Amino acid sequence: MTLSSQLNQILPQKFFGFVPLYIGVELILAVAIINKAGGVYGILSIITGHPLNFWQWLYNILAILVLPSYISGLIHLKNRKNNTRKLSLACLIYVVDSVIGLLYTYYFIYFWFSREDNNPTADPLSQRDNIIADEVISPSSTQDLNVLASQSASPGRELFLTVSSTIIITGIRFYFTLVVLSFTKALLKQDLLNMKYDDGNTEDDEDQLLSGDDGIASKYKKYMYNLEIKSKEILRNFFS
């Protein structure tokens, strides 16, 4: 059994079981646009003097690069002339973005806990050991031990909440990816039917870009057009 056939078995037919897929894709792309727009603020944070390492810079730059594709996919979602190729590119980018986002999520968790572990002043266990070593038996010292003992459980709670939220977010992102794939598959199927009954004549107005001028804007549109067509072919071969 191929990967595509296995994937077809779990692709949702409705968003959350009762909402049409196109509405779900609209919400998903809108959330993705808001999320990726934060990459602009991440880059601008250098103005405030907030330090960014290489991986944080790369993450914010990637967020800005994928933003136009999500915006284009949302705008042309209901445009039957070009929504198939627009959503095909947005779908492929969303899948890759989900994988990269998952890797970065685990990286930032590791980065955060590494900084916590390397901060000796934030370690209540070491403070508690120092109090015990002083062997000062008094009501106040006993109270300090109880307070520090409760503080020592804080990293455990933080770890639990972080891991739990990461698992939940990962599950939601995986489901959103399936929704986008399912909707794009339906568009590709409808596009094949249109090609069959329209004798292959499914050209839209933007096909004229191939014979347009050689300006920078025109070259960019041609590049995006070819990228969309390639994405459409990749997904069509994958689902066939």
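Residues numbered from 1 in each chain as written. Predicted model: local features only at pLDDT ≥ 70, side-chain atom pairs only at ≥ 80, totals over all residues. Heavy atoms only, no water.

(A) Region of interest: the nonpolar core. By size, the foremost hydrophobic cluster in this structure holds 27 residues, and its most contacted members are Val 25, Ile 28, Tyr 70, Leu 87, Tyr 94, Phe 183 and Phe 239. The element contributing the most residues to this core is helix 7 (residues 154–197), with eight residues. (Core = buried A, V, L, I, M, F, W, Y, C linked by side-chain atoms within 4.5 Å. Buried < 20%, exposed > 50% of the residue type's maximum accessible area, 1.4 Å probe, protein only. Helix = DSSP H or I, 4+ residues; strand = E, 2+ residues; numbered from the N terminus.)

(B) A look at a nonpolar patch on the surface. Together, Val 40, Tyr 41, Leu 44 and Ile 64 make up an exposed nonpolar region whose accessible area comes to about 380 Å². Assignment of secondary structure puts Val 40 in helix 2 (residues 21–44). For Val 40, a relative accessible area of 35% corresponds to the partly exposed category. (Patch = residues over 30% accessible without salt bridge, like charges linked within 9 Å, V, L, I, M, F, W, Y side chains within 5 Å. Areas by Shrake-Rupley, 256 points an atom, 1.4 Å probe, with all protein chains shown as cover. Salt bridge = Lys/Arg side-chain N within 4 Å of Asp/Glu carboxyl O.)

(C) Spotlight on the UniProt feature "transmembrane region" (unreviewed entry) in the protein. On the UniProt side, "transmembrane region" (unreviewed entry) is annotated at positions that read residues 15–34, 54–77, 89–113 and 167–188 here. Structurally, residues 15–34 is divided into 70% helix and 0% strand, and its ends, taken at the C-alpha atoms, are 20 Å apart. Within residues 54–77, the helical portion is 92% and the strand portion 0%, while the C-alpha atoms at the span's ends are 35 Å from each other. (UniProt positions renumbered as here; feature names shortened; annotations may be inferred.)

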